[in-house]
Amino acid sequence: MASFVIAVDGPAASGKGTIATRLGRELGLPVLDTGLLYRAVGVLTAQAGGNPDDEAAAGATATRLTADLLADPALRTRTAGELASRVAVHRKVRERLLGFQRTFAAQPGGAVLDGRDIGTVICPDAPAKLYVTATPEIRAERRWKQLEGQGEAVAYADVLADIRRRDARDGARDAAPMVAAPDATLLDTTEMTIEQAADAARRIVEAARARWERSH
Ligand code: C5P
């Protein structure tokens, strides 16, 4: 039986990570935050003295990446997010991370993956696809609170500038740009609490699952 894959894409701090985690918990499915892969490639490249804008250097790091490196709290920082977005433009990096993501998605029973290109490139046949958005201002507010909670003091205006810069880079790159798959359901969480967003996501996925079960 094909596995029930849930693709949750969208820009930074849209709520997609929390939504993916809750869906995984409720449905008993493993969850992969694919942003961590790019964050790890960015951080490890920089740590090794390489230039994240250099495709060969970042590509070599991507080849060496292993799952045990993804638990490092250093990957959750603001700097790691920026490094991730810089290495994510490289085709070599994206190609080398493809197999890991597809293998994760192919687990028996299914999986939840959140990222930017899950519904378009990694799992274009996923039976459930969500594209989660919110205004840049609201996303910056959420990210700012999250960073403060992690003890990373930063001005709101700087977080908003980061978000806008990342949106622009992720959306404009040639390799797997951030874009909603044509068959994804859009979920704008601007006016929603995380509870409301998670409920809305669950309803979208339940409808997709019912359709998928009828056809399998
Ligand atoms: O989701 P997160 O903020 O952790 O992602 C960090 C960066 O990694 C994004 O800004 C994007 O450039 C890149 N990314 C990507 N494709 C994914 C997940 C993340 O290009 N599937």
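Residues numbered from 1 in each chain as written. Predicted model: local features only at pLDDT ≥ 70, side-chain atom pairs only at ≥ 80, totals over all residues. Heavy atoms only, no water.

**Q** Quick rundown of the sheet that holds strand β4 (residues 128-133)? Include the residues and the values.
**A** Backbone hydrogen bonds are what pair the strands of a sheet, in a parallel or an antiparallel way. Spatial strand order, β2-β3-β1-β4-β5: five strands in an open sheet with parallel pairing. Pairing within the sheet leaves two strands with one partner each, and these edge strands are β2 (31-33) and β5 (185-188). Each adjacent strand pair in this sheet contributes to an overall mean axis angle of 20°, direction not counted. (Pairing = 2+ DSSP bridges. Helix = DSSP H or I, 4+ residues; strand = E, 2+ residues; numbered from the N terminus. Axes fitted to C-alpha atoms, helices over the stretch in contact; angles between N-to-C directions.)

**Q** With reference to specific residues and values, describe the packing of helix α2 (residues 35-47) against helix α5 (residues 91-105).
**A** Packed helix pairs are characterised by how far apart their axes lie and by the angle those axes make with each other. Two elements in contact, α2 and α5, have axes whose closest approach is 11 Å; the angle formed by their N-to-C orientations is 135°. Compared by their axis directions, α2 and α5 come out oblique. At the point where α2 passes α5, the crossing takes the right-handed sense. Taking contact as the criterion, the partners of Leu37, Tyr38 and Val41 in α2 are, on α5, Val93, Arg94, Leu97, Phe100 and Gln101. Class assignment of the residues belonging to the contact of α2 with α5 gives a composition of six nonpolar, one polar and one charged. (Parallel < 35°, antiparallel > 145°, perpendicular 65-115°, else oblique. Left-handed = near helix turned anticlockwise from the far one by under 90°. Contact = heavy atoms within 4.5 Å. Nonpolar A, V, L, I, M, F, W, Y, C, P; charged D, E, K, R; others polar.)

**Q** Describe helix α3 (residues 55-64), and please don't skip the residues or the numbers.
**A** Within the span of α3, buried status applies to Ala57, Ala58, Gly59, Thr61 and Ala62. Elements in contact with the buried residues of α3: α2, α4 (78-87) and α5. (Buried < 20%, exposed > 50% of the residue type's maximum accessible area, 1.4 Å probe, protein only.)

**Q** How would you summarise the site of the ligand if you had to cite specific residues and measurements?
**A** Inspection of the region around the ligand gives 15 residues, with Arg39, Arg94, Arg166, Asp170 and Arg173 positioned closest. Within the side chain of Asp170, a nitrogen or oxygen atom sits 2.6 Å from an oxygen atom of the ligand. Isolated, the ligand exposes 460 Å² of accessible area, and the fraction of that covered by the protein chains is 97%. At the level of secondary structure, the elements contributing two or more residues to the shell around the ligand comprise α2, α4 and α8 (156-172). (Near = heavy atom within 4 Å. Polar contact = N/O pair within 3.5 Å; in protein donor to acceptor, adjacent residues only side chain to side chain. Areas by Shrake-Rupley, 256 points an atom, 1.4 Å probe, with all protein chains shown as cover.)

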